[in-house]
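Chain and residue survey
The chain contents come next:
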Amino acid sequence: MLAPRRPCPELTSPGRIGSLWLPHRMLMGSMHLGIEGDAQMLDRLIAFYAERVRGGAALIITGGVAVHASGWEPHRFLISDARHRDDLARLADAIHHLGGHIALQLFHAGRYARERDLGHPPWAPSAVASRLTREVPQAIGRDQIATLVSAYHQAAIFAAQAGFDGVEVMASEGYLLNSFVSSLTNLRSDDYGGAQGGLGLIVDIAKAVRHGLGPTPPLIYRISGWDLMGSAPDGPFLSQLTKALADAGVDGFNVGVGWHESAVPTVSQIVPQGSFAEVAKNIRGRTELPVIAANRIFSHPLANTLIASEMMDFVAPARPWLADPAWALHAYDGQPINPCIACNQACLDRSLAHPPQPISCTVNPRAVQESSYPRKRTATPLNIAVVGGGPSGLEAARSAAELGHRVTLFEASDDIGGQLRMAMRVPGKEEIAGTIAYYRETLHRLGVQTLLHTPADFSRLVVESDAIFVATGVNPKVPDIPGSTLPHVLLYPTAFSEPQRLQGDIVIIGGGGIGLDLALFLAAPPKLGLSASANFWDELPPAMPWDSPVRSITVITRDKAGKSVGRSTRWILRHVLQHLGVVLEENAEARAITMGGVEITQNGVTKFLPADGVVISTGQVSNLPAFVVDHPCPSFHVIGGAREARALDMVRAIAEGLRGAHNLSGMTDKIFS
Ligand code: SF4
């Protein structure tokens, strides 16, 4: 490891969890990749974790491994499966071979499992329906509880035999063990009833795991510091819980926040970074053992401050490691971090799908596909032109330069970023500015020549370049609605850049992701300024502060508003818009725009919505330069929105840049080898 870069001395200082000394305080938290348990995917899984070891992770905690078939979900490892055990042992070996440390997370989904996957109702303390799955689980009996304790014991024996450096027991986020200490989900009247009965089970399991693990490897318990369900354990109970677990042989606590059923956002972009640090601090004040925390702790300076102020001892985020596999290393080497923007689009939205999909990362599409996109420098460097500095073009330029090509980026406007510059103006999406800053610094470091204010001269480029990435993006689609060219009608890019032109009653035609983002941008104060709270929604500031133009906003949409927005974000966006007084007219179609408003039909009824301003956000069309259309040529590689405007989002735009650069490199290396 390099000498640490100031100013993160606490973050880069050594620390200890039980018997395990670690070189710094940056762990990689557990995250389900959606490829676990599939033998065909093992090499891919190992490549993913191996790159994070090389990137400096002090300790990697695996995605949850089911200790018993009753707690299994699709695409997860299951300890009782011999082949899965072999694969996990190979993973541990591979990590050790690289000098890394890896802990196995022991998991039981409880009432978040699904009957169609298990063949029987999921296991739970009581038959209380899950808001996540909408299924009613079965209340398990004493025999099943004994089976569980034994399963955890066996899993710990396996972890020790396979050489894992420790174990984390998942007892948070509403999964089985957490549900045993909640008054909402544990309605039992036997020995395991109520919080005290549940505590007894959790402690029995801790003892069983410690026994199976032996005295040395660290045992971490992931406990819920705040469930955000209205049934949070009180302070005295948390003191009792941490003490009882410490007495049972636990070496540290990883503090979770919120259940998957909670109606309070915890991991969304709208939650300010570091918001839940107080929850970890509350646990730290009740135990001598090290405390680990994660929620929305993405930057090194923030992590350093939280550790320095003794709110926690370690940080164990997961998503920042998806976005940047060298997240810890960059605290030492001075290179910029590719920041996670908390969009959840390519990670949580996929892992929460049923069945879960293999995850990746919007800003780093190599994540979980490292073996498909090796960072092998080309033997035949090419002169590559990239036309367009939006997300596709930026990633094509970055990847091509990383692979060893000579790259020139042409951007007609005064800055790079393309549609990202619009997106970063939306309240809650400000962190996208970090993505642009990352590309700016990285392209410079990799020697990419970036020419701003420079439209491409394609007739010259086809002569001078070996390959040309056409990443010219999209233009707004103008629908065939009478009145759409009236002076008070704006296209969405103009509405973002000149919002002062919109005052009074505003109608936005189009309720996809961009339309709703625009509604939020126009309705909300510049900074939402939220803090984490069970009363999160009440804390949202009023819609119209005195220094903002007064607007009343209506969105017209053909289907459900925000249908294309990811599952983990849509409900939050709709809730915030509702709070800000934005009216969503769903299943509605705009028929005509007049100077006074918009005529719509909704469920067969014609209505008139008065409007002082109208914004069109009804999709996009490819912006393909005429030269490229008129002079097709093998050196053109059209990517992103220029290739296909339909269903364009940041995930696809960046992924096509990566794929384009690697395909080109692979082709030329094959031809010249
Ligand atoms: Fe972060 Fe979005 Fe990547 Fe997930 S997909 S790791 S939230 S940037």
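Calculation criteria
- Residues numbered from 1 in each chain as written.
- Predicted model: local features only at pLDDT ≥ 70, side-chain atom pairs only at ≥ 80, totals over all residues.
- Heavy atoms only, no water.
- pLDDT = per-residue confidence, 0-100.
- Contact = heavy atoms within 4.5 Å.
- Core = buried A, V, L, I, M, F, W, Y, C linked by side-chain atoms within 4.5 Å.
- Buried < 20%, exposed > 50% of the residue type's maximum accessible area, 1.4 Å probe, protein only.
- Helix = DSSP H or I, 4+ residues; strand = E, 2+ residues; numbered from the N terminus.
- Pairing = 2+ DSSP bridges.
- Axes fitted to C-alpha atoms, helices over the stretch in contact; angles between N-to-C directions.
- Near = heavy atom within 4 Å.
- Nonpolar A, V, L, I, M, F, W, Y, C, P; charged D, E, K, R; others polar.
- Phe/Tyr/Trp six-rings, centres within 6.5 Å; stacked < 30°, edge-to-face > 60°.
- Parallel < 35°, antiparallel > 145°, perpendicular 65-115°, else oblique.
- Left-handed = near helix turned anticlockwise from the far one by under 90°.
- Domains from an automatic or database assignment.
- Buried area = accessible area lost by both parts, 1.4 Å probe.
- Salt bridge = Lys/Arg side-chain N within 4 Å of Asp/Glu carboxyl O.

Things to note about the confidence of the model for the protein
Looking at the protein, the pLDDT average stands at 93 and 94% of residues meet or exceed 70. Counting contacts from residues 542-547, a segment whose pLDDT is below 50, to residues more than four positions away or on other chains yields seven contacts.

Thoughts on the nonpolar core
The tendency in soluble globular proteins is for nonpolar side chains to be buried side by side. In this structure, Leu104, Val209, Tyr221, Leu245 and Met312 are the most contacted members of the largest nonpolar core, which totals 162 residues. At nine residues, the largest contribution of residues to this core is made by helix α4 (residues 142-162). Discounting chain neighbours no more than four positions away, the residues touching Tyr221 are Val169, Ala171, Leu177, Ile202, Ile205, Ala206, Leu245, Val250, Gly252, Phe253 and Asn254.

Thoughts on the sheet that holds strand β15 (residues 449-451)
In a beta sheet, neighbouring strands are held together by backbone hydrogen bonds and run either parallel or antiparallel to one another. Pairing within the open sheet is parallel, and its five strands lie in the order β15-β14-β13-β16-β27. On the outer flanks of this sheet lie β15 and β27 (636-638), each paired with one strand and no other. Averaged over all adjacent pairs, the angle separating strand axes in this sheet is 20°, with direction ignored.

Overview of the site of the ligand
Looking at the ligand, the residues that line it are Arg319, Leu322, Cys340, Ile341, Ala342, Cys343, Asn344, Ala346, Cys347, Cys361, Thr362 and Val363. The residue inventory of the shell around the ligand, partitioned by class, reads nine nonpolar, two polar and one charged.

Some points on the sheet that holds strand β23 (residues 597-602)
Here three strands make up an open sheet; going across it, the order is β22-β23-β24 and the pairing antiparallel. Looking at which strands have only one partner, the edges of the open sheet turn out to be β22 (588-594) and β24 (605-610). In this sheet, adjacent strand axes meet at a mean angle of 25° when their direction is disregarded. Relative to β24, β23 runs antiparallel, the two being bridged by six bridges. Directly across from Ile600, in β24, lies its bridge partner Lys607.

Here's the deal with the environment of Glu51
Position of Glu51 relative to the elements: it lies in helix α1 (residues 42-54). Here the alpha-carbon distance between Glu51 and Val368, two residues 317 residues apart in the chain, equals 9.9 Å. The contacts of Glu51, once residues within four sequence positions are left out, are Pro325, Arg366, Glu370 and Arg375.

Considerations on the packing of aromatic side chains
Centre-to-centre distance and the angle between the planes together describe a pair of aromatic rings. In total, this model carries 10 aromatic pairs according to the counting rule given. Aromatic pair Phe158 and Phe164: ring centres 6.4 Å apart, planes at 55°, arrangement tilted. In this pair, the class of Phe158 matches that of Phe164, namely buried. A centroid spacing of 5.9 Å and a plane angle of 75° characterise the contact between Phe458 and Phe636, whose relative ring orientation is edge-to-face. Pair noted here: Phe458 is in helix α16 (residues 458-464) and Phe636 is in strand β27, with a separation of 178 residues, a long-range link. Judged by relative accessible area, Phe636 falls into the buried class, the value being 11%. Three or more aromatic residues link up through ring pairs in this structure, and these residues are Phe107, Tyr112 and Tyr175.

Quick look at the packing of α4 against helix α6 (residues 194-213)
In contact at an axis separation of 7 Å, α4 and α6 are set at 30° when each is read in the N-to-C sense. With respect to α6, the axis of α4 lies roughly parallel. The crossing of α4 and α6 is right-handed. Seen from α4, the contacting residues are Ile145, Val149, Tyr152, His153, Ala156, Ile157, Ala159 and Ala160; seen from α6, they are Leu201, Asp204, Ile205, Ala208, Val209, His211, Gly212 and Leu213. In the contact of α4 with α6, the residues fall into 12 nonpolar, three polar and one charged.

Remarks on the domain arrangement of the protein
Split by domain assignment, the protein resolves into domain 1 (15-351), domain 2 (383-476 + 622-672) and domain 3 (489-618). Here domain 1 and domain 2 have C-alpha centroids that lie 39 Å from each other. Domain 1 puts 15 residues into the contact, and the matching count from domain 2 is 13 residues. Summing both sides of the interface, domain 1 and domain 2 together bury roughly 1100 Å²; the carbon and sulfur share of this comes to 57%. For domain 1, the biggest contributors to the area lost against domain 2 are Gln269, Pro336 and Ile341; these three give 45% of the whole. Our count for the contact surface shared by domain 1 and domain 2 stands at one salt bridge.

Side note on the pattern of salt bridges
For the structure on display, the rule yields 29 salt bridges. Here Asp247 ties to Lys243 by a salt bridge, and the two come within 2.8 Å at their closest N and O atoms. Of the two residues, Asp247 and Lys243 are both situated in helix α7 (residues 235-247); the distance of four residues between them amounts to about one turn of the helix. Residue Asp247 is classed as exposed on the basis of its relative accessible area of 58%. A salt bridge links Arg574 to Glu586; the nearest nitrogen and oxygen atoms lie 2.7 Å apart. Taken together, the positions of Arg574 in helix α20 (residues 567-579) and Glu586 in the loop between β21 (583-585) and β22 put the pair 12 residues apart, joining distant regions of the chain.

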